[in-house]
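Observations on chain architecture
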Amino acid sequence: MNLLLATAQAHTVMPIDGYVYPNEQNFLWSVLIVVYPYVTGLVAGAFIMASLVRVFKVKALEPAYRLALLTALAFLICAPLPLLLHLGHPERCLEVMMTPHFTSPMAMFGFVYAWYIMAVLLLELWFDYRRDLVMWSQQVKGPRGLLYGLMTVGVDDLSPRALRLDEKMCDAITIIGVPSAFLLHGYVGFIFGSVKANPWWGNVLMPVIFIFSAIVSGMALCVALYYFINWVRRQAVNDECVDEMGMFLFYALLVDASVEGLDWLHRLYSAEESIYILKQLAAGKLFYSLLIGQVLLGTLLPLLMLGSTQLFRRQIPMWIRRRFYLVSSLLIVCGVLAMRWNVVIGGQLFSKSLRGFTTYKMELHGQEGWPIAAALMILPFIILYVLMKLFLRPDQPTHEQVHGHQAAPAAGG
Amino acid sequence: MNPPITRRQLLGGLGGMCGWLMAQPVAQAAKQVVQKVLVSTLAPKGYDPFRHKWLMCFDIDRCIGCGLCVDACKTENHVPEATTYFRNWIERYIIRKPKAGSGEARGEVLVDSPNGGRDGFPPSLVPREEILKSFFVPKLCNLCEHSPCVQVCPVGATFDAPDGAVLVDPNYCIGCGFCIQACPYGCRFLSPETKVAEKCTLCYHRITRGLQPACVEVCPTQARIFGDLQNPIENDPIQEFFRKNKVNVLKPDLGTGPRVSYANMDKEVR
């Protein structure tokens, strides 16, 4: 037992540079906590992408509407897993829901999560898919048909009035869903922003930064997935759709970069006691992940590529624009992951005594090892694959494709 | 067509909602009582936490960095033996003389705490003639009035006891580590054995039986001053401490309201 403990400590106790409080030598929040805000952010971003079609009536994005919703669901299912696996006592996790401590930002996660998945995402998907589920349950035989039938919960009314109600409900839920998505991820930002003990985290802009980086990452993921799925299915991408996605991605990234720039500007100008160690952190321990990964490759380069497609759309041929969108989205997805790393890991690399640094090295084995984190990153894609096999089949026409627009539109696939 | 909602149903629903809302403060109060009084605290039966207010203070000039307090704490409270888990520890500050012509009042500040100061401190690597001054600072839970650790605990497992101690219920803590991140003073750790948050309890099992915390008991220079604000004795050491010294607290700007006070503290101490 002692040997095991000693081995575990050998993994977690890292070289020290300067002075850190003795207890700070145990690195607490590992790569799993990096995955948690990243996955949650992808959910919020993908939902905002879908809401562009519903609330803001951006018709060109319709081909990616359902993909965005299913992506949000796949990632949302996995969102609490990193937190759960990280707990010292995962078996006590329900205490957060049963006896929550209302002053704790973390205590609210269960409720925000339950609200978002039950009252927003699943409901919206159900109303959006209901007519298709009814139709497919009649057409498809076997277990899949049975599943579609079960998912209609017996509501098989396809009268124009019922379809209109579905559309109205979808619109209403999306309108509630947009602030809910902001709440979901703003709240994740608040978990870090509320820690006044840590100058890297305790910042009023943190929830805002998290919201915009979430929107950017979710949109970028949808763009990349849209390309990937069309490539797998040997279909041509819809140029109008990718142009539109590229435009929204550009503006979202612009706002995100501005807010993060503002944060740094404020830190540098107000130059509080912690600024010296934060500058050392950025230029030293986080040089590659922050300045190279997040700022240069994850923000400036995509801004340049996406910006050029907006400013010189006529001069840049479509085939180049397509590649710009794809490369930018991949860079952004990686850049936001780097941002989460910089926040979570970066915030623990320096001592709260502001006198020194510790080091983090990802473990291989154990509950908090990188293979577990990687598995948690892959799991949503597996779930998305299953969801697409069920609900986004190219060989399975939707109700709208068969019967045309009977009610309000917005049900691409 | 759904049947219309009757007036009786509406009133019944509204009444139920009002009842639920009114029950909330009662439920909250009951929960606080449970958390503050009935949770496992290692206190003996009959101990009334509402009749005490414990406090610890430090006179920095008296601390010689012998490390007996750290060792006593580790032994008394079964703190993990590794060199990275401490409920209390000692820091050594060495402030160099300024370089000639630098225009500075003091030189580089070096801080260390080898093994939390448990084995004392090795001789400084800085030559004696280059040292402007050097001193030791004992650290432990600051017993904050507005404890950030209590505020952020998602299940209320860590709580402010009415007698001033900040405690953790090990049977309730989920081991999320949020309190450890929220503590500005680095006083908490996640136990590798129990997987729950641990911290200084002021030796709650001792003070609730009329004894002193282990660290206070063994301190050879009386650098640690401990007492009960609600039950001052004659020539009460805590009262004397505040009467004789100009005191300060750690990181007052954070608004955590630390109750642990230090006499003769240099500005470099964080």
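Shown above is the structure to which this text applies.
In this text the structure is predicted, and so the values were computed from the model without any measurement.

Within chain B one finds 7 helices and 11 strands. Taken against the 2.2 N^0.38 rule, which gives 18 Å for 270 residues, the C-alpha radius of gyration of chain B at 24 Å runs more than 25% over that of a compact globule. When its C-alpha atoms are laid out on the principal axes, chain B stretches across 95 × 45 × 40 Å. For chain B, the residues scored as buried account for 40% of the 270 residues in total. Of the contacts made within chain B by residues no fewer than 6 positions apart, 66% connect residues no fewer than 24 positions apart.

For helix α2 (residues 31–54) of chain A, built from 24 residues, the straight-helix expectation of 34 Å at 1.5 Å per residue is met to within 8% by its first-to-last C-alpha distance of 35 Å. Across the 24 residues of α2(A), 24 count as buried, placing the element largely inside the fold.

Now for the pairing of strand β1 (residues 54–59) of chain B. All names here are of chain B. In terms of burial, β1 is largely enclosed, as 5 of its 6 residues are buried. Sheet analysis places β1 next to strand β9 (residues 224–228), joined by 5 bridges and oriented antiparallel. Counterpart to L55 in the pairing with β9 is G227.

Residue and element names in this part refer to chain B. Read from one edge to the other, the open sheet built from 4 strands follows the order β9-β1-β11-β10, with strand pairing classed as mixed. Among the strands making up the open sheet, the edge pair consists of β9 and β10 (247–248). Against the sheet, helix α7 (residues 237–244) contacts β1, β9, β10 and β11 (261–263), and its axis sits at roughly 125° relative to β9.

Our focus in this paragraph is the interface of chain B and chain A. It is common to report an interface's size as the accessible area lost on association of the parts. Contacts between the two partners involve 36 residues from chain B and, on the opposite side, 36 residues from chain A. Residues of the side of chain B that touches chain A, tallied by class, amount to 23 nonpolar, 9 polar and 4 charged.

Moving on: the nonpolar core. All names here are of chain A. By size, the foremost hydrophobic cluster in this structure holds 180 residues, and its most contacted members are V43, A46, A72, M219, C222 and L249. Ranked by the residues each element gives to this core, the list is headed by α2, at 18 residues. For V43, the contacting residues outside a window of four places in its chain are A72, F75, L76, A79, L184 and G218.

On to the sheet that holds strand β4 (residues 131–139) of chain B, then. Residues and elements named next belong to chain B. Pairing within the open sheet is antiparallel, and its 3 strands lie in the order β3-β2-β4. At either end of the open sheet lies a strand with only one pairing partner, and these are β3 (109–112) and β4. Adjacent strand axes in the sheet meet at a mean angle of 20°, parallel and antiparallel pairs treated alike. When strand β2 (residues 89–96) meets β4, the two strands line up antiparallel, connected through 8 bridges. Pairing of I95 across the sheet is with K133, part of β4.

Before going further, it helps to spend a moment on the packing of α2(A) against helix α15 (residues 370–391) of chain A. Residues and elements named next belong to chain A. Where α2 contacts α15, the axes come no closer than 9 Å and their chain directions differ by 15°. The pairing of α2 with α15 is recorded here as roughly parallel in orientation. As α2 runs across α15, the sense of the crossing is right-handed. For the pair α2 and α15, the contacting residues are V31, L32, V35 and V39 in the first and W370, I372, A373, L376, M377 and P380 in the second. Its residues assigned to classes, the contact of α2 with α15 shows 10 nonpolar, no polar and no charged.

Relative to β3(B), β2(B) runs antiparallel, the two sharing 4 bridges. Counted as the bridge partner of I95(B) is V109(B) from β3(B).

Okay, the packing of α2(A) against helix α8 (residues 160–193) of chain A next. Residues and elements named next belong to chain A. Viewed as axis vectors pointing N to C, α2 and α8 meet at an angle of 155°, and their least axial separation amounts to 9 Å. By the angle between their directions, the pair α2 and α8 is classed as roughly antiparallel. For the pair α2 and α8, the crossing hand works out as left-handed. Contacts between α2 and α8 pair P37, T40, G41, V43, A44, F47, I48, S51 and R54 from the former with C170, D171, T174, G177, V178, A181, L184, H185 and V188 from the latter. Residue classes in the contact of α2 with α8 are distributed as 10 nonpolar, 6 polar and 2 charged.

About the criteria used
- Residues numbered from 1 in each chain as written.
- Chains lettered and ligands numbered in written order.
- Predicted model: local features only at pLDDT ≥ 70, side-chain atom pairs only at ≥ 80, totals over all residues.
- Helix = DSSP H or I, 4+ residues; strand = E, 2+ residues; numbered from the N terminus.
- Rg over C-alpha atoms; globule rule 2.2 N^0.38 Å.
- Buried ≥ 20, exposed ≤ 12 C-beta atoms within 10 Å, placed from the backbone.
- Contact = placed C-beta atoms within 7 Å.
- Expected span 1.5 Å × (residues − 1).
- Pairing = 2+ DSSP bridges.
- Axes fitted to C-alpha atoms, helices over the stretch in contact; angles between N-to-C directions.
- Nonpolar A, V, L, I, M, F, W, Y, C, P; charged D, E, K, R; others polar.
- Core = buried A, V, L, I, M, F, W, Y, C linked by C-beta atoms within 7 Å.
- Parallel < 35°, antiparallel > 145°, perpendicular 65-115°, else oblique.
- Left-handed = near helix turned anticlockwise from the far one by under 90°.

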